[in-house]
Amino acid sequence: MRTKVAIIGGGPSGLLLGQLLMKRGIDNVILERRTRAHVLGRIRAGVLEVGFVELMHQAGVSARMQREGFIHDGIEIAHGERMFRIDFQKLVRRPVVVYGQTEVTRDLYAARDEAGGETIHEAEDVAIHGADGDAPYVTFTKDGEKCRLDCEFIAGCDGFHGASRPTIPANLRREYEKAYPFGWMGVLSETPPANRELIYSCSEHGFALCSMRRENLSRYYVQCPLSDSPDDWPDDRFWDELKRRLPAPVAERLVTGPSIEKSIAPLRSFVSEPMQWGRLFLCGDASHIVPPTGAKGLNTAASDVHYLHSALGAWYDRGDEAELAGYSARALSRIWKAERFSWWMTNLLHRFPEQSGFDLKIQAAELDYLANSTAAQKALAENYVGLPY
Ligand code: RFL
Ligand code: PHB
């Protein structure tokens, strides 16, 4: 088998890159370890930056998102009983779009099927060879048979636990990591959202987030200890704890119901540099992770895809190597700003086990400053809606 770009991983990064390359006539094959049903069963991100939305347009997959996505012109921040709004339209004149990662992935698979793009699911033992030379290839096992895919470039879009990042020799890689001493317990329920916009709440009982997917589909999170498992959170306990962490008027109008999905995600910041080695280029979670507080995980994956598809386009259109050579530096410059913002939002809104009285006063002062300062609100808004590519 031969293709121009071998894409490892059929999550949002791999699918978006594949679709954008196909639009430019650059053929590619996606190798995905799991079944399509498994990939589509993941409930993850929900907030899309304008840049992501633009890429969906470019990829020709934005029709359903335009019909069904919610345009949000702001978010609410709660601190105890107090709640204030960050007005994106007024501050930075750009909104975000609330449309689930699951739906993005579904739309990208449908478009790939329609365009006849090849995706090999349940590709096991994927291994990258010769990435530092001119003739890279990927081997894998499919239905017990050994297969080989020859290519010109490899895009490592296989998430945090994938095979691509470890292919870069350890002595050339530098990893930066911060693990937070808590996770988020997330619940999806077929109930109307508690609020028209997202509410990020900092309370004395810990952080909580009210988000949504559709009119009658809500997504909620509460900060929880890392040692917890979803079994520790029967629905009643989850709803009681969520209400405790929201201002009384919001808690009173919250509609509860049975959960249809429950999961715990640990919070972590992680960056591996560089994002390229020879003809291997990393995108998305394969190279970096952010805590979900700033809604940046999926969006940073998209900005990588933007830089990589533009660089591959320059190479195939004009033989221009400069963009490919500069990919890692260009992508990382934006990644680190998203890392900073996600770290800042996480510190602003969570309860930390070791927080002293002084730390709590500083946190309260920062929230009070944010509530009253247009400059502080503008900095939050500018980062939340997404820095330019
Ligand atoms: P993904 O989505 O992990 O996809 C990688 C794909 O690669 C496959 N794979 C392999 N395929 C072949 N061979 C191998 N050896 C392979 N190893 C892995 C996997 O099966 C998978 O299909 O990475 P990608 O495409 O870079 O996309 C990144 C986003 O998924 C991720 O950043 C976000 O979901 C992070 N994230 C959130 N981001 C946000 O912007 N807002 C959120 O609200 C948000 N919530 C979340 C999240 C991530 C979560 N995780 C990881 C548990 C909530 C959760 C719970
Ligand atoms: C979500 O809807 O899942 C979501 C929204 C915003 C975040 C994190 C998660 O910051």
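Along every chain, residues carry numbers that run from 1 in the direction the sequence is written. Here every chain gets a letter starting at A, and every ligand a number starting at 1, in the order they are written. Only residues with pLDDT of at least 70 get local features here, since the model is predicted, and only at 80 or more are side-chain atom pairs given and counted; chain-wide, interface and lining totals rely on the full set of residues. Excluding hydrogens and water, the side-chain figures rest on all heavy atoms present in the structure.

Attention shifts here to the pattern of salt bridges. Only one rule defines a salt bridge in this text: a Lys or Arg side-chain nitrogen within 4 Å of an Asp or Glu carboxyl oxygen. Evaluation of the coordinates by the stated rule reveals 24 salt bridges. Glu175 serves as the salt-bridge partner of Arg173, at 2.9 Å between the closest nitrogen and oxygen. Only protein chains enter the area calculation, which uses a 1.4 Å probe; residues under 20% of their type maximum are buried, those over 50% are exposed, and those in between are partly exposed. Judged by its relative accessible area of 40%, Glu175 falls in the partly exposed class. The partner of Arg196 in a salt bridge is Glu197, with the nearest N and O atoms 3.9 Å apart. Judged by its relative accessible area of 3%, Glu197 falls in the buried class. Residues joined in a network through salt bridges with shared partners are Arg64, Glu68, Glu103, Arg106, Asp107 and Arg214.

This paragraph deals with the domain arrangement of the chain. An automatic or database domain assignment supplies the residue ranges for each domain. Assigned domains within the chain: domain 1 (5-72 + 100-177 + 268-345) and domain 2 (181-267 + 350-385). If you average the C-alpha positions of domain 1 and of domain 2, the two centres end up 29 Å apart. Should any heavy atoms of two residues lie within 4.5 Å, those residues are considered in contact. Of the residues lining the interface, 22 residues belong to domain 1; the matching set on domain 2 comes to 22 residues. Two parts placed together each lose some accessible area; with a 1.4 Å probe, that loss summed over both constitutes the buried area. When residues of domain 1 are sorted by the area they lose upon contact with domain 2, Ile43, Phe70 and His72 head the list and together hold 28% of the total. Counting across the domain 1 and domain 2 interface gives one salt bridge. Two residues, Glu103 and Arg214, come together in a salt bridge whose shortest N-O distance is 4.0 Å. In the analysis that follows, any N or O atom pair within 3.5 Å is treated as a polar contact, provided that within protein one partner can donate a hydrogen and the other can accept it, and provided that, for residues neighboring in sequence, both atoms belong to side chains. At the junction of domain 1 with domain 2, the criterion picks out five residue pairs in polar contact (both at pLDDT 80 or more). What counts as a helix is a DSSP run of H or I of at least four residues, what counts as a strand is a run of E of at least two, and both are numbered from the N terminus. Breaking the side of domain 1 that touches domain 2 down by element, the ones donating at least two residues are β4 (70-72) and α11 (327-349). The element contributing the most residues to the side of domain 1 that touches domain 2 is α11, with four residues.

Attention shifts here to the site of ligand 2. We call a residue near a given molecule or strand whenever any one of its heavy atoms falls within 4 Å of it. Residues in close proximity to ligand 2 total 14 residues, the closest being Tyr200, Ser211, Arg213, Tyr221 and Pro292. Contacts to ligand 2 include Arg44, whose backbone N or O atom sits 3.4 Å from an oxygen atom. The contact in question runs from an oxygen atom of ligand 2 to an N or O atom on the side chain of Ser211, over 2.6 Å. Only the protein chains shown count as cover for residues, and the accessible areas themselves come from Shrake-Rupley with a 1.4 Å probe. Calculation on ligand 2 without its partners gives an accessible area of 280 Å², and the protein chains cover 97% of this total. Looking at the shell around ligand 2, the elements that each hand over two or more residues are β15 (206-214) and β16 (217-224). With three residues, the top contributor of residues to the shell around ligand 2 is β15. Residue classes in the shell around ligand 2 are distributed as eight nonpolar, three polar and three charged. When residues of the shell around ligand 2 are assigned to domains, at least three fall in each of domain 1 (5-72 + 100-177 + 268-345) and domain 2 (181-267 + 350-385). In this classification, the charged set is Asp, Glu, Lys and Arg, the nonpolar set is Ala, Val, Leu, Ile, Met, Phe, Trp, Tyr, Cys and Pro, and all remaining amino acids, among them Gly, are polar.

What is meant by a nonpolar core is a set of buried Ala, Val, Leu, Ile, Met, Phe, Trp, Tyr and Cys residues, joined one to another through side-chain atoms within 4.5 Å. Ranked by size, the top nonpolar core spans 44 residues in total, and within it Val5, Ile7, Leu16, Leu17, Leu48, Leu308 and Tyr327 carry the most contacts. Looking at this core, the elements with two or more residues in it are β1 (5-8), α1 (12-23), α2 (36-40), α3 (50-58), α6 (101-115), β12 (153-156), α9 (297-318) and α11. For this core, the leading source of residues is α9, giving seven residues. Those residues within four positions of Tyr327 in sequence are excluded, and the remaining contacts are Met275, Gln276, Phe281, Leu282, Cys283, Asp304, Tyr307 and Leu308. Grouped together as the second largest cluster of nonpolar side chains are 36 residues, Leu91, Val96, Val98 and Leu370 included.

This paragraph deals with the site of ligand 1. Of all residues adjacent to ligand 1, which total 28 residues, the nearest are Ser13, Glu32, Arg42, Gln101 and Asp285. One of the side-chain nitrogen or oxygen atoms of Arg44 is found 3.0 Å away from an oxygen atom of ligand 1. Take Gln101: an N or O atom from its side chain is 2.7 Å from an oxygen atom of ligand 1. In terms of residue class, the shell around ligand 1 is made up of 11 nonpolar, nine polar and eight charged.

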